[in-house]
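# Close look at the chain arrangement
What follows is each chain in one-letter form.
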Amino acid sequence: MKIRAIALNTFAGFLHNKLILLFLAIFLAILGLFSSPLLVMKGMSGPAAAQMDSTVLTLVGLMMTMVSGFGSLLAAWAAADTVAGEMKSGTILAVMARPVRRWEFLLGKYLGVQLLMAIYVLFMFGFSYLLTWMGGAHIQTTPWVLIAYPLVRYAIYSAISMFLVTMMHPVLAVGLVLLISIQAAMVQPGSHPPAYLPGPLRTIVYTLLPSTELLSESRFLTITQASLQKITWDVHAITLGYGLDYALVCFLLAVWSFRRRSLSRD
Amino acid sequence: MTAAAIEFQNVTKVYRRVFREEQVTALSCVSFAAGAGEVCAFLGPNGAGKTTAISLLMGFHFADSGEIRVLGCAPGDVDAKEKIGFLPENFAFYKYLTAPKLLQLHLALAGNQSAEAAARIPELLAKVRLNGYEEMKIGKYSRGMVQRLGLAQAFLGDPQLLILDEPTSGLDPAGRKEILELLVALKAQGKTVFLSSHILPEVEQICDRIVIIDRGRLLREGRLQEMLNLGDRVEIVADRITEEIEQAAAAGGAVVERGAHGVRIVLDAARKREMAEALWSAGCDVVSVNPVKSSLEEVFLKVVEHREAGA
């Protein structure tokens, strides 16, 4: 009951967070701007339409990458801001004066972030179907994959961010999460640009950092090729299990770090 | 003293800056206790360490050494927090909530979502004179209204121990009076109240016990009446006093006031006998000799000034 109350209040806080709302509005405006050519192209017919097909699909792919990337940023920022905001405003003092354990507070906050991200993923899911329809293509993979994979990925980013914000300023925490995600992309096998770290070190960094490539739903979206990738259930289970395990470890680190943290108005 | 609701034993808290050698000793070997059912005032100038001590008490910060017990538990213990109502200094709130929603949230955080507890919310809001503002977002409240709401959430759930950091801060005189009346009512119900305040005449009206700290050190602790009677001055009321005696008393450092019931002479207790004998010898009538009861403000200033002089 306590955790649920904290989670729902955290989510309500996001809906009243002007910074998050502003970013979402700007983001939606950019998406609208990008998607308007699709509407024009959809109206075309004949040889012109056939010529534009590849352009449309490239545009859709680019937009979905943007949406997905923004989601990672949102997950990291929401997790950092919700904990840091309570400290900064001092609202945490009244909350923690209640019979609430520190881990319960963090778990409530974390679940509030996941609720926000679940809604974002549903929006992303609907938006990806809308764009592919506008582009005249269709998604050939099972829908749950497009929901579960980004949720797990955002769970990892928010857990890392929550762990970092128990030790540092939220802007620094989000910056570090960004750096981690870039590093993770750069050290994965076959990444571009080519390896900039010596082989063994690159392997260690790859093992330690979250494997964003594995957890990317774009593996299944396959808009440009419209081809269904055959992945068995056990592979899904292992990949998602790895992601959830990574998120759990990061969350437990956050709980451990928050255990002895001084709570005061910053 | 009755069983202690709050106990500090040689508590030390030092704030250290990360990557700097700078250290601030907020509390140094502080020991005191507040009994169950008492109203205990925690006094000290700004920066004395009051808020730090309250933060330690609530488990927000951790002491470097010493022991703290709250209702027989360690600070931050969930069992103890179930019986505590707390008002932080400058109570902060979720601006997007209304007062009933905030109180419902706090009930949920307390693990109490009974219909009976929820039904008490309007009564509680009326008690702190916030009825009629149920639909208004807290972000639009005035400073005084926020403070009243803070008190309402502290009173929520009928706590056994109330820890209030500056409870009358931001309130107008009428509001302060109402809050003091509420605290008196709580005291009558046998609740323990531990409060910090700078408004000493108000504290004096309701407190049983006083703890004074400054610069992290305990300066004085004891029952209010004992502290107020510690005055080292006496008041002699005499009649038929001559001009010469009056001038001699004033020259000796006594305060002489003429009133309807005679002349009131206030002087150091050490000179009481000398003055009384002089009055008798001069043929005056000595009506009464009484110790001068100090006000809490006088006691507080004397204690703090003495500390500063010794520092």
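Structure report, in brief. (Residues numbered from 1 in each chain as written. Chains lettered and ligands numbered in written order. Predicted model: local features only at pLDDT ≥ 70, side-chain atom pairs only at ≥ 80, totals over all residues.)

## A short note on the overall build of chain A
Check the secondary structure of chain A and you find 10 helices and zero strands. Its helices and strands taken in sequence order, chain A reads α-α-α-α-α-α-α-α-α-α from the N to the C terminus. The buried share among the 266 residues of chain A stands at 36%. Restricting to contacts in chain A with at least 6 residues of sequence separation, those with at least 24 account for 83%. (Helix = DSSP H or I, 4+ residues; strand = E, 2+ residues; numbered from the N terminus. Buried ≥ 20, exposed ≤ 12 C-beta atoms within 10 Å, placed from the backbone. Contact = placed C-beta atoms within 7 Å.)

## A word on the environment of Leu 178 of chain A
Within the fold, Leu 178 of chain A resides in helix α7 (residues 170-187). Remark: the alpha-carbon pair of Leu 178 of chain A and Asp 234 of chain A, spanning 56 residues in sequence, is separated by 30 Å.

## A word on the sheet that holds strand β4 (residues 65-70) of chain B
All names here are of chain B. With antiparallel pairing, three strands are arranged side by side in an open sheet as β2-β1-β4. On the outer flanks of this sheet lie β2 (23-35) and β4, each paired with one strand and no other. For this sheet the average axis-to-axis angle between neighbouring strands, irrespective of direction, equals 20 degrees. Pairing geometry for strand β1 (residues 4-16) and β2, over nine bridges, is antiparallel. (Pairing = 2+ DSSP bridges. Axes fitted to C-alpha atoms, helices over the stretch in contact; angles between N-to-C directions.)

## Here's the deal with the pairing of strand β11 (residues 255-259) of chain B
Residues and elements named next belong to chain B. Burial within β11 is sparse, with just zero of its five residues counted as buried. Here five bridges tie β11 to strand β12 (residues 262-268), and the two strands are oriented antiparallel to one another. Paired with Val 255 across the strands is Val 266, a residue of β12. A loop of two residues connects β11 with β12, the two strands running antiparallel in sequence.

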